[in-house]
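Overview (structure and organization)
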Amino acid sequence: MRNKQTVQLIAIGLTICVVLIPVGLAIHWFPPLGSTQAHKIHTLYDVLIVVTVPVFAVVATIVLYSVWKFRMKPGEEETDGPPVHGNTRLEIIWTTVPAVLILGLCVYAYVLLRDIEKKPARELVVDVTGQQFAWSYQYPVQSGIAKPIDSDVLYLPKDLSVRFRVHAKDVLHDFWVPSFGMKIDAVPGQVTGYRVTPDRLGQYPAACLELCGLGHSTMRSTVRVVTPSQFTAWVSKQGGGAKPGATPGGTATGPGGGTNAAPAAVGKQTFVGAGGCGGCHRLADAGTVGTLGPDLDKYLKGKSPDFIRTSIIKPNAVVEKGYPAGVMPPDFATKLSKDQLDGLVAYLAAVTK
Ligand code: CUA
């Protein structure tokens, strides 16, 4: 009788494992993997599925089997089961097996963590800055980059390790590129970070993963993993700087904070980049489609530079109908440099005439 029960239990448990493990391995839990780190983390995840499904099978089988097999039958209302005083061998087994499993997985995860955080011989350093509600990327001077670059799109060369130094200008944010398999909080006053080695060409979303205000869900940006030669070409294009006297709202792909740039070019760069304005405001010239704040093409039309400046530094001075007060951060006067603020006013005045 007891042997028959054991055989039945083992058969049910094995069936659950045989069905669930392949299902667990076949499901695409992750977005397309875009870094060497993401591949290793994915392998860890697969190992976890293979190890944990049998644990689930053992527990579920014994519970369900007992409920079914040993349920109360008519006439047994007043009777009690046999008295049990424990089973030393069983207790040793069910303590040792989980302990060994957990310890093994801890060692594996620790070795993996050391491996994906290892400092490589050569790496690119990128400063990632989060603020309500946009990400911007600064490339400091280093091998291959002769002049600092400021960009609102994260360009990375394939197969080169990159170290992100993550900053926050106002509140907590969290820098997350799902395809890279890594994330970390951006903390005001601290520098956090992590490393990845992108290993797949393509375009990926980056997002904020820490509730940081009304515009949190719009705090997204684009990552482009390109070939090393495309990356070099992009760097030299950024380092070239805008021509003095460039037309306002023209093709200002960004002088990277250069000093000889036309104010409006700086302004456009600030609008889409460091200022993060496009996350909340629609502006045709900048190609932004934010809806949290007023549509600037409409509401700034014909407004004076003075009105525009006041609206940026004192956002509650005039609040457009239908938009709540207190949403736009009130600290742009201190967050932006004088050049950035002047540029922003000149740019907005020029493109919303
Ligand atoms: Cu920044 Cu959420």
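See the structure shown above.
Reference entry: report on the structure contained in this document. None of these values were measured; they are calculated from a predicted model. (Residues numbered from 1 in each chain as written. Predicted model: local features only at pLDDT ≥ 70, side-chain atom pairs only at ≥ 80, totals over all residues. Heavy atoms only, no water.)

One open sheet accounts for five strands, arranged 3-2-1-5-8; its pairing is mixed. Across the chains shown, the open sheet's two edge strands, defined by having one partner strand only, are strand 3 (149-151) and strand 8 (192-196). Averaged over all pairs of adjacent strands, the angle between strand axes in this sheet comes to 25 degrees, irrespective of strand direction. The sheet contact formed by strand 5 (residues 161-168) and strand 8 spans five bridges and is antiparallel. (Pairing = 2+ DSSP bridges. Helix = DSSP H or I, 4+ residues; strand = E, 2+ residues; numbered from the N terminus. Axes fitted to C-alpha atoms, helices over the stretch in contact; angles between N-to-C directions.)

With respect to the helices and strands, the residue Ser221 is situated in strand 10 (residues 220-226). Classification of Ser221 by relative accessible area gives buried; the value is 11%. For Ser221, the side chain forms a polar contact with the side chain of Tyr137, separated by 2.6 Å. Sequence-distant contacts of Ser221, defined by excluding residues within four places in its chain, comprise Trp135, Tyr137, Asp152, Tyr204, Pro205 and Ala206. (Buried < 20%, exposed > 50% of the residue type's maximum accessible area, 1.4 Å probe, protein only. Polar contact = N/O pair within 3.5 Å; in protein donor to acceptor, adjacent residues only side chain to side chain. Contact = heavy atoms within 4.5 Å.)

The next subject is the side chain of Thr129. Locating Thr129 in the fold gives a position in strand 1 (residues 123-131). Thr129 gets classed as buried once you look at its relative accessible area, which sits at 8%. A polar contact is formed between the side chain of Thr129 and the side chain of Gln138, at a distance of 2.7 Å. Once you skip the residues sitting within four places of it in the chain, Thr129 turns out to touch Ala134, Trp135, Ser136, Gln138, His167 and Lys169.

Before going further, it helps to spend a moment on the packing of helix 5 (residues 263-272) against helix 9 (residues 338-351). Each pair of packed helices can be summarised by the angle the axes make with each other and by the distance between the axes. One way to put it is that helix 5 packs onto helix 9 with a least axis distance of 6 Å and a crossing angle of 100 degrees. In terms of their interaxial angle, helix 5 and helix 9 are classed as roughly perpendicular. When helix 5 is examined against helix 9, the residues Pro263, Ala264, Val266, Gly267, Lys268, Thr270 and Phe271 are found in contact with a partner set consisting of Asp339, Gln340, Gly343, Leu344, Ala346, Tyr347 and Leu348. Broken down by class, the residue content of the contact of helix 5 with helix 9 amounts to eight nonpolar, four polar and two charged. (Parallel < 35°, antiparallel > 145°, perpendicular 65-115°, else oblique. Nonpolar A, V, L, I, M, F, W, Y, C, P; charged D, E, K, R; others polar.)

Next up on the list: the nonpolar core. Counting 39 residues, the largest nonpolar core has Tyr139, Phe164 and Phe175 as its most contacted members. Looking at which element gives the most residues to this core, the answer is strand 5, with four residues. What Phe175 contacts, discounting residues up to four positions off in sequence, is Val128, Trp135, Tyr137, Leu154, Phe164, Val166, Met182, Lys183, Ile184, Tyr194, Ala206 and Ala207. Of all hydrophobic cores here, the second largest spans 17 residues; its members include Leu283, Leu296, Leu336 and Tyr347. (Core = buried A, V, L, I, M, F, W, Y, C linked by side-chain atoms within 4.5 Å.)

For a regular strand, the rule is simple: side chains alternate between the two faces of the sheet. The pairing of strand 4 (residues 153-157) with strand 10 spans five bridges and is classified as parallel. Bridge pairing links Leu154 to Val223 in strand 10. When strand 9 (residues 202-208) meets strand 10, the two strands line up antiparallel, connected through six bridges. Directly across from Ala207, in strand 10, lies its bridge partner Arg220.

With 12 residues, helix 4 (residues 228-239) extends 16 Å between its outermost C-alpha atoms, agreeing within 8% with the 16 Å of an ideal straight helix rising 1.5 Å per residue. Of all the positions in helix 4, only Phe231, Trp234, Val235 and Gln238 are classed as buried. Viewed end-on, helix 4 has its buried residues packed into an arc of 100 degrees, placing them on one side of the element. Exposed residues on helix 4 whose side chains face more than 90 degrees from its buried face are Ser229, Ser236 and Lys237. (Expected span 1.5 Å × (residues − 1). Arc of directions from axis to C-beta.)

In short, the description is geometric, and any link to function would need to be established separately.
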